[in-house]
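Overview (structure and organization)
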Amino acid sequence: MEKISQSVIKKDHDPKISGRSIYVCDYPSEGVLCGKILHAKVAKAKVLGVKVPELPEGYFYVDARDIPGDNNVNIVLDDMPIYCRETVEYIGEAIAMICGPDEKVVDKLLATCQVEYEELEPVIDLRKATEAFFNYDFAHGDLEKAFAEADKIYDEEFTTGYQEQAYLETQSMMAEPEESGRMFVHGSMQCAYYVKGAVMRALGCGPSGVHIYQDVTGGGFGGKEAFPSILACQVAVAARKCGKTVRCVFDRREDMEYTSKRHPSICRYKVAVKDGLVTAMDIDVIYNAGAYSTLSAVVLQRGLIAGPGIYKVPNLHVHGRALKTNTSPCGAYRGFGAPQTYFAVEMVMDHIARDLGIDSLEFKQANFAKQGDVTSTSGRYHFPIPIPDMIEEIDQLCHYRQKRLEYSKPQTGRYRRGIGMSMYFHGAGFTGSGERDIIKAVAKLRKYADGTVEVLASNGEIGQGVRTTFPKIVAHELNLPLEKVYYNHPDTARVPDSGPTVASRSLMIVGELLRRAAIKLRTQWIDGEEQEVEEHFREPTFMIPFYIDKFQGDAYPTYAWAVNVLELEVDTYTGITKVLGAYGNFDVGTPIDYNIVMGQMEGGFLQGIGYASIENMDYDAKGRIRNNSFSDYLIPTTKDVPNLQCILHVDKYPEGPYGAKGAGEVPLVGGPPAYLDAMEQALGGVNLYHAPFSIEDTMKVIMKEGI
Amino acid sequence: MVDGFIANSLAEALEIRATQDVVPYAGGTDLMVVNRPGLTYLFIGKVPELKRVFVDEQYVHIGAAVTFTEAIHNPDVPTLMKEAISRIAAPAIRNAGTFGGNLGNGSAKADSVLIEFATDAKLRLVSAKGERIIDVDKFYLGRKKLDLAKDELIAEILLPSKGIENYAYTKVGGRNALAISRVSFAGVFASEEGKITNIAAAFGAVADTVLRYKDIEEMLLGKTIAEARELRQDYLQAYSERMVLTRGRVSAEYRKGVCMNLLGDFLTKFGI
Ligand SMILES: Cc1cc2nc3c(=O)[nH]c(=O)nc-3n(C[C@H](O)[C@H](O)[C@H](O)COP(=O)(O)OP(=O)(O)OC[C@H]3O[C@@H](n4cnc5c(N)ncnc54)[C@H](O)[C@@H]3O)c2cc1C
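Cut-offs used in this document
- Residue positions within a chain follow its written sequence, with the count starting from 1.
- For this description, chains carry letters from A and ligands carry numbers from 1, given in the order in which they are written.
- Given that this is a predicted model, residues contribute local features only at a pLDDT of at least 70 and side-chain atom pairs are listed and counted only at 80 or more, while totals for whole chains, interfaces and linings are drawn from all residues.
- Calculation of side-chain values draws on the structure's entire complement of heavy atoms; hydrogens and water are dropped beforehand.
- Each pair of aromatic rings taken from Phe, Tyr and Trp, with Trp reduced to its six-membered ring, is defined by centres within 6.5 Å and is described as stacked if the planes are under 30 degrees apart, edge-to-face if over 60, and tilted in the remaining cases.
- Runs of E in the DSSP output that reach at least two residues are strands. Runs of H or I that reach at least four are helices, and both are numbered from the N terminus.
- In this scheme, a residue with accessible area under 20% of its type's maximum is buried, one over 50% is exposed, and one in between is partly exposed, where area comes from a 1.4 Å probe on protein chains only.
- Both a distance and an angle decide whether a charge sits over a ring: NZ of Lys or CZ of Arg must be within 6 Å of the ring centre and within 35 degrees of the ring normal.
- For two strands to pair, DSSP has to find at least two bridges joining them.
- Fitted lines through C-alpha atoms give the axes, limited to the stretch in contact for helices. The angle between two N-to-C directions lies from 0 to 180 degrees.
- Throughout, a residue-residue contact means that at least one pair of heavy atoms, one from each residue, lies within 4.5 Å.
- Here a residue is near a molecule or strand as soon as one of its heavy atoms is found within 4 Å of it.
- As used in this structure description, the phrase polar contact means that two N or O atoms lie within 3.5 Å; if the pair is within protein, one of them must be able to donate a hydrogen and the other to accept it, and residues adjacent in sequence are counted only when both atoms belong to side chains.
- Using the Shrake-Rupley algorithm and a 1.4 Å probe, accessible areas are obtained, with residue cover drawn only from the displayed protein chains.
- Gly falls in the polar group here, along with every residue not listed as nonpolar (Ala, Val, Leu, Ile, Met, Phe, Trp, Tyr, Cys, Pro) or charged (Asp, Glu, Lys, Arg).
- Start and end positions for the domains come from either an automated domain assignment or a database one.
- The disulfide definition used here is simple: a pair of cysteine sulfur atoms within 2.5 Å.
- In short, buried area is how much 1.4 Å probe accessible area vanishes from two parts on joining, totalled over both.
- Whenever Lys or Arg places a side-chain nitrogen within 4 Å of a carboxyl oxygen from Asp or Glu, that contact is recorded as a salt bridge.
- When the near helix sits turned anticlockwise from the far one by under a right angle, the crossing is termed left-handed; a clockwise turn instead gives a right-handed crossing.

Focus: the packing of aromatic side chains
- Scanning the entire structure with this criterion turns up 35 aromatic pairs over all chains.
- Seen from their ring centres, Phe 227 of chain A and Phe 250 of chain A are 5.7 Å apart, and the 70 degrees between their planes marks the pair as edge-to-face. Residue Phe 227 of chain A is located in helix H5 (residues 227-242), and its partner Phe 250 of chain A is located in the loop between strand E12 (245-249) and helix H6 (252-258); the two are separated by 23 residues in the primary sequence. Each member of the pair Phe 227 of chain A and Phe 250 of chain A is classed as buried.
- Ring centres of Phe 470 of chain A and Tyr 487 of chain A lie 5.3 Å apart, and the angle between their planes is 40 degrees; this geometry places the pair in the tilted category. Of this pair, Phe 470 of chain A sits in helix H13 (residues 466-478) while Tyr 487 of chain A sits in the loop between strand E19 (485-486) and helix H14 (506-524); the two residues are 17 residues apart in sequence, bridging distant segments of the chain. The residues Phe 470 of chain A and Tyr 487 of chain A share a single accessibility class, namely buried.
- Three or more aromatic residues joined by ring pairs make a cluster, and in this case those are Phe 185, Phe 189, Phe 203, Tyr 213, Tyr 235, Tyr 239, Phe 266 and Phe 270 of chain B.
- In this structure, Arg 262 of chain A packs its charged tip against the face of Tyr 333 of chain A, placed 4.3 Å from the ring centre.
- Here Lys 447 of chain A stacks its cationic end above the ring of Trp 525 of chain A, 4.8 Å away from the centre of that ring.

Focus on the sheet that holds strand E5 (residues 59-63) of chain B
Residue and element names in this part refer to chain B.
- Here five strands make up an open sheet; going across it, the order is E4-E5-E10-E6-E7 and the pairing antiparallel. Only two strands of the sheet have a single neighbouring strand rather than two, namely strand E4 (53-55) and strand E7 (130-135). The sheet shows a mean angle of 20 degrees between the axes of neighbouring strands, taken without regard to direction.
- In this structure, E4 lies alongside E5, joined through three bridges in antiparallel fashion. Bridge pairing links Val 53 to Ile 62 in E5.
- Along the sheet, helix H1 (residues 10-19) contacts strand E6 (122-127) and strand E10 (153-160); its crossing angle with E10, the most-contacted strand, is approximately 125 degrees.

Regarding the site of the ligand
Residue and element names in this part refer to chain B.
- Pro 24, Gly 27, Gly 28, Thr 29 and Thr 98 are the nearest of the 33 residues found near the ligand.
- At 2.8 Å, a side-chain N or O of Asn 102 approaches an oxygen atom of the ligand.
- Contact with the protein chains removes 90% of the 980 Å² of surface that the ligand exposes when unbound.
- Counting residues per element, the ones that place at least two in the shell around the ligand are strand E2 (23-25), helix H5 (99-104) and E10.
- At four residues, H5 tops the list of elements feeding residues into the shell around the ligand.
- Among the residues making up the shell around the ligand, the classes are represented as 19 nonpolar, 10 polar and four charged.
- If you count residues domain by domain, the shell around the ligand takes at least three from each of domain 1 (47-160) and domain 2 (167-269).

Notes on the state of the cysteines
Residues and elements named next belong to chain A.
- This structure, assessed with the given rule, holds zero disulfides over all chains.
- The thiol of Cys 267 is unpaired, and the distance to the nearest cysteine sulfur, on Cys 330, comes to 14 Å.
- When its relative accessible area of 1% is taken as the criterion, Cys 267 is described as buried.

Quick notes on the domain arrangement of chain A
All names here are of chain A.
- Its domain assignment divides chain A into domain 1 (24-118 + 165-258), domain 2 (265-431 + 552-705) and domain 3 (434-536).
- Centre-to-centre, using C-alpha coordinates, domain 1 lies 31 Å away from domain 3.
- Every contact between the two is made by 18 residues of domain 1 and, on the other side, 16 residues of domain 3.
- Contact with domain 3 buries surface across domain 1, with Gln 190, Tyr 193 and Gln 214 losing the most and accounting together for 45% of the total.
- At the junction of domain 1 and domain 3, the tally comes to zero salt bridges.
- At the junction of domain 1 and domain 3, the tally comes to eight residue pairs in polar contact (both at pLDDT 80 or more).
- When residues of the side of domain 1 that touches domain 3 are traced back to their parent elements, those giving at least two are helix H4 (192-203) and strand E11 (210-214).

Notes on the side chain of Gln 531 of chain A
Residue and element names in this part refer to chain A.
- Along the chain, Gln 531 turns up in strand E20 (residues 531-536).
- Here Gln 524 takes part through its backbone oxygen, which lies 2.7 Å from a polar atom of the side chain of Gln 531.
- Those residues in contact with Gln 531 that lie beyond four places of it in its chain are Leu 445, Arg 446, Lys 447, Leu 521, Gln 524, Trp 525 and Ile 526.

Considerations on the interface of chain B and chain A
- Contact residues are listed per partner, giving 18 residues for chain B and 18 residues for chain A.
- Here chain B and chain A share an interface that buries about 1600 Å² over both sides, 56% of which is from carbon and sulfur atoms.
- On inspection of chain B and its partner chain A, the count reaches two salt bridges.
- For Asp 632 of chain A, the salt bridge is made with Arg 249 of chain B, and the minimal N-O distance between the two is 2.2 Å.
- Within the residue set of the side of chain B that touches chain A, elements represented by two or more residues are strand E11 (167-173) and helix H10 (252-269) of chain B.
- The leading source of residues in the side of chain B that touches chain A is H10 of chain B, at seven residues.
- Looking at the side of chain B that touches chain A residue by residue, the class counts come to six nonpolar, six polar and six charged.

Comments concerning the packing of helix H18 (residues 695-705) of chain A against H10 of chain B
- Relative orientation of the contacting elements H18 of chain A and H10 of chain B amounts to 65 degrees, with a least axis distance of 10 Å. Crossing of H18 of chain A over H10 of chain B shows left-handed handedness. Contacts from Ile 695, Glu 696, Met 699 and Met 703 of chain A in H18 of chain A reach Glu 253, Tyr 254, Gly 257, Val 258 and Asn 261 of chain B in H10 of chain B.
- Partitioning the contact of H18 of chain A with H10 of chain B into residue classes produces five nonpolar, two polar and two charged.

What follows is the structure, given as structure tokens:
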């Protein structure tokens, strides 16, 4: 193993494991007002008025009228209000906030607020939704001809459900008016500068009117990409009105019901096959955006780009829409739109193979894209595609082919087995030219007179290890012991904007800036002096320029690759499905810390398996999410997948630090198709079309098929 | 203001129970979930008389304040009970959770209670005035309704010490650990000289209380295995008609399907 990959103790290990880390809810309460949100109780209505009870002294009612700036949260389209406008658009939308010193009094006041609604007809059913926030269309080749000449045409529809990030720490934020008049907002978040932009707009102030600090954050998984901007605006407006520090900590039910989750999807795939090869795909994708557009544009883009999977599809048409429903706005969740389309494409490939009587792995292999091939967006796969090798490695690890053959024979008895495989990439970094045109990351190193070096960047530690891996890179280049290099939680008053903590980008993009900065510092190093160096993002020269309006060019500079295998045993009496083995082979380039990367792989893979099986969340006909607690929304524990094995295939990316690529999201993406593929085999070769696939779903098939 | 009592002996606990308006608790694993302000609690988790496990002629006595972890490690506790309680929650909850609390919670999903129904267990209830012994199925009056007077405590569970070695048990939870039962089944079988002497079948988590239909069981009592096999279809049919299940986190149809599968499997397991 390379030196840089050797594991160290994470810098935040001791304070976290000993309980000394201070999270938002741990700050002392003296002088702090507790803020709680008055949430809408209906999915769509005109708010005629709110009867607010008489407020005791020191208590405040805050709503849209109190916003000094603009009542739009800065995300992508900026359509989401901080506090509702004339209407509410989903159950849970913030109407107002009540703030005061005593939480119990605040609760009581909230409970006695009477909102007068004039109810309007909501759109709840995604299939009946018509308003598209985003509508994208792109194609290459000659679709019509390919379908006309096809041996066989397949037309299938796949659906996926919500997935809740289920981070340990709920959404939490504090705003403190400083004496200078500047607003200090800090809390649980992934993207300090996103929050800054949003709060500036809410308060109508310039960059010096506000600064943002990321507190110790108890998990994000994407859920703290956009939502903290909303909550930050809400508490900042409240703090401005109250003239005091305001803290808002969501309880679990609020968090589960009202904050962003993974987009439910409906994907229709029409596939033309000729001579055992896929010649065309006509893909139609619908994502349930919820009531406001928030991040749906970018989530949908990533999903569409992944549409044809890792296959060579000479004639391709992709159409995708993010539709408005009167439900909680969906947002980012590890994988960011890709798991939905990968599920569909991997399943349809399995089904075609089954229909053609070919083994699905063979069929997929025959259709793999190769280095130099055209991507879905008419870009190029610039680097070797390691999937064929990775398949051989995983076959050695778990004897996939042998088991696949064995379980394909007719089975009898109570327990039935199946093994399934999925393969996919995850584009590393922002989609398209986002890094170059929008983010324009800057990172700095500050060396102090005592020879210690501080990393100045805005990427937040959310468990993925950046507080350790960034200093590791710098220490490596400067030949310093790791103790001499440190990276604190970002405060926008101190650190440059190195971009958000999203898109599996921090290590690959910012890590590389830091590596270059460290080299620069090394060459300029003067003992005993304070010095600072800075590096800016440069787009790799090999990139084919990307145009988002046409979906044309290199959507990503490079990809993380993965092959997942799941081996299952179904109890036909109960539908209980035991995971006999979960095997993941991941190419995330050079691991910058083996243990950290393995933690990401194992945790992400387990989340993917949860998404495939037990993580079931839905809303009722009124648009209300009922399973809003950890006893109703179950996520897997280690007992559910005791045999989970991950291995790393290392294909270095020359533009990443020491060859590292994006690692954060890739492990989650392939759980559902591998799980369902295995399930199909265990259930005797039926075709399945949705995830999560619950024990009840399993029982329905067993009863219907008479298994 | 007193908001809690700690009892060091059973007599002390019963005295407090008789004179104060208290909520007794042992592990607190159920009570902690919702904080209800204004209540006064009586901690009985360390009362020695409630922490014993012993065997006599007829019964295995399990004290109400015995934790699941203690029971799992106790050689006197029957295997069927151990199998069920080792599927409760996870180690931390099993270290604190008790038999009395599992009963006191009044839920049809309580995993140890299912076994008590399947084995015709009895409960010893005590108060400062005396004690009574009651069949477990009489103790449950309905959903979350128990035959427990305001001054009473559950002191012991009395499991039959013999005749429960042959059984079938399945728990269907939402996942493999930290999961409340969505369907659970326990069947106990015994025969003497080729004749069926016991064929108890209990279903948990599918209705307001644990379900058991002794009149249907009677169909097979006293029969030989061969005779019982003849009656298998009628017996299953009777269950299928009788079982009207509620929906919970899973549908009633799912519950019914699983219950019938597990019941059928129970018969098959013993040659019927
Ligand atoms: C995360 C979690 C997972 C769980 N998983 C399971 C599971 O898988 N299966 C399962 O069956 N349960 C489960 N439970 C429920 C709970 O742990 C059990 O019901 C346990 O047996 C309760 O015991 P306790 O001593 O903690 O009860 P306590 O909380 O102390 O008491 C529970 C109730 O019983 C009453 N009570 C207690 N002792 C007596 C007594 N001697 N006499 C009269 N009344 C009494 C109390 O007043 C109270 O109403 C779970 C709970 C949690 C929090």
